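Architecture at a glance
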Amino acid sequence: MDSVNNGFGSARMTGSMEGATGGTLPPGLTEEEAEELRVELTKVEDEIQTLRQVLAAKERHAGDIKRQLGISPLNEIKQNISKGWQDVQSSNAYLQTKEKLGQWNESITHSNAYKKTQETLSQAGQVTSAALSSMGAAISERIGTMRLGYSVHHSLSMPSMRSSPSFRSFEDRVGSLRVTCLSYLCLL
């Protein structure tokens with residue numbers, strides 16, 4: 001048995017035996033009873049070691065079967081997380097918290113402050129969308145009217161382009177869009 005245990009069982013057994021024989025016997029325990037307990041301890045330690053070996057062999061066998069089935073450690077982790085999440089969702093604490101958050105959400109969404117904020121943000125979004133659409137149309141129109149001899153990149157990089165009516169018009173629209181958006185944000 002020691003060759004299979006790599007000497008671990010015999011060292012533990014020897015240490016246990018020395019502790020029991022190295023000192024005096026506990027009160028009320030005869031030498032014969034102590035010897036019976038030592039033999040029983042040796043048997044129990046051997047059984048423990050055997051069970052550890054059997055467990056290790058079973059774990060290796062289970063790992064081999066999982067590999068044959070294509071179950072990877074990552075799949076196992078996913079399954080464990082999924083099972084854990086299902087357990088959490090079915091717990092009383094989770095259900096009570098979910099119910100309380102639902103109640104808070106309901107009371108917040110029906111409040112006047114929420115409704116006003118929602119309306120303001122909706123209006124700001126509509127104005128921004130309209131401004132961006134008209135700005136895109138203006139840019140497309142202005143680019144279409146530019147001379148075909150220059151590329152757009154070349155034209156935009158020229159200093160004379162900044163003083164053109166097209167660029168000034170574009171600059172004015174971006175400025176007014178900025179002011180409009182800021183004024184709606186200040187109302188919040």
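Here the structure is a predicted model, which is why all the values come from computation and not from measurement.

Quick notes on the overall build of the protein chain
- Scanning the protein chain for helices and strands turns up nine helices and zero strands.
- Reading the protein chain from its N terminus to its C terminus gives the helix and strand order α-α-α-α-α-α-α-α-α.
- With 188 residues in all, the protein chain has 10% of them scored as buried.
- Put simply, of all contacts in the protein chain between residues at least 6 apart along the chain, 59% involve residues at least 24 apart.
- Of the accessible surface of the protein chain, which amounts to about 14800 Å², a share of 60% is contributed by carbon and sulfur atoms.

Considering the pattern of salt bridges
- The final tally for this structure, using the stated rule, is five salt bridges.
- Residue R67 is joined to D64 by a salt bridge in which the shortest nitrogen-to-oxygen separation is 2.4 Å. Of this pair, R67 and D64 both sit in helix α3 (residues 31-69), separated by three residues, roughly a single helical turn.
- Residue D64 is classed as partly exposed on the basis of its relative accessible area, which comes to 36%.
- One network of salt bridges, in which partners are shared, links E31, E35 and R38.

Examining a nonpolar patch on the surface
- Judged by side-chain polarity, L101, W104, I108 and Y114 come together as a nonpolar surface patch covering roughly 420 Å² of accessible area.
- Per element, the largest residue contribution to the nonpolar patch is three residues, and it comes from helix α5 (residues 92-109).
- Relative to the helices and strands, W104 is located in helix α5.

Quick word on a negative patch on the surface
- A cluster of acidic side chains, namely E32, E33, E36 and E40, defines a negative patch on the protein surface.
- Here E40 is to be found in helix α3.

A look at empty space enclosed by the protein
- If you walk through the whole model with that rule in mind, you get one cavity of 30 Å³ or more.
- Volume-wise, the largest cavity comes out at about 30 Å³.
- If you go around the largest cavity, the residues you meet are M135, A138, I139, R142, S166, S169, F170 and R173.
- Elements that contribute at least two residues to the lining of the largest cavity include exactly α6 (112-145) and α9 (165-187).
- For the lining of the largest cavity, the residue count by class is four nonpolar, two polar and two charged.

Some thoughts on the environment of L29
- Within the secondary structure, L29 sits in the loop between α2 (8-22) and α3.
- In contact with L29, not counting residues within four places along its chain, are A34 and L37.

A look at the packing of aromatic side chains
- Inspection of every chain in the model, using the stated rule, returns one aromatic pair.
- Taking the centre distance of 5.8 Å and the plane angle of 75 degrees together, the rings of W85 and Y94 count as edge-to-face.

Looking at the confidence of the model for the protein chain
- Averaged over all residues, the pLDDT of the protein chain is 78; the fraction at 70 or higher stands at 73%.
- Per-residue pLDDT, averaged within each element of the protein chain, yields its smallest value for helix α1 (residues 2-5) (44) and its largest for α3 (95).
- Confidence drops under pLDDT 50 across residues 1-21; counting only partners more than four residues distant or on other chains, this segment forms 19 contacts.

Let's talk about the environment of A130
- Within the element layout of this structure, A130 appears in helix α6.
- Judged by relative accessible area, which is 45%, A130 ranks as partly exposed.

What counts and what doesn't
- Counting from 1, residues in each chain are numbered in the order their sequence is written.
- Per-residue local features of the predicted model are confined to residues with pLDDT of at least 70, and side-chain atom pairs are confined, for both listing and counting, to 80 or more; whole-chain, interface and lining totals are unaffected and use all residues.
- Excluded from the side-chain calculation are hydrogens and water; included are all heavy atoms of the structure.
- Helix numbering and strand numbering both begin at the N terminus, where a helix is a DSSP run of H or I of at least 4 residues and a strand a DSSP run of E of at least 2.
- Exposure categories follow from relative accessible area, calculated using a 1.4 Å probe and restricted to protein chains: below 20% of the type maximum is buried, above 50% is exposed, and the middle band is partly exposed.
- In this analysis, two residues are considered to be in contact whenever any of their non-hydrogen atoms come within 4.5 Å of each other.
- Each accessible area is a Shrake-Rupley estimate made with a 1.4 Å probe; only the visible protein chains count as cover when residues are assessed.
- Every case where a carboxyl oxygen of Asp or Glu lies within 4 Å of a side-chain nitrogen of Lys or Arg is listed as a salt bridge.
- Patch construction takes residues with relative accessible area above 30% that form no salt bridge. Like charges are linked within 9 Å, and nonpolar side chains (Val, Leu, Ile, Met, Phe, Trp, Tyr) are linked within 5 Å.
- When charges are counted, neither His nor the chain ends are considered; positive counts come from Lys and Arg and negative counts from Asp and Glu.
- Throughout, a charge is located at the NZ atom of Lys, the CZ atom of Arg, the CG atom of Asp or the CD atom of Glu.
- Using protein atoms alone on a 1 Å grid, points that fit a 1.4 Å probe yet trap it form a cavity, whereas open point sets bounded by protein on both sides within 12 Å along at least five of seven lines form a pocket; residues with an atom within 4 Å of a point count as lining.
- Grid points are joined across faces, edges and corners, and a volume is the space filled by probe spheres set on the points.
- Residue polarity follows a fixed list, in which Ala, Val, Leu, Ile, Met, Phe, Trp, Tyr, Cys and Pro are nonpolar, Asp, Glu, Lys and Arg are charged, and the others, Gly among them, are polar.
- Geometry of aromatic contacts follows a simple scheme: Phe, Tyr and Trp rings, the Trp one being its six-membered ring, pair when their centres are within 6.5 Å, and the pair is stacked under 30 degrees between planes, edge-to-face over 60, tilted otherwise.
- For every residue, the pLDDT score states the predictor's confidence, bounded by 0 at the bottom and 100 at the top.

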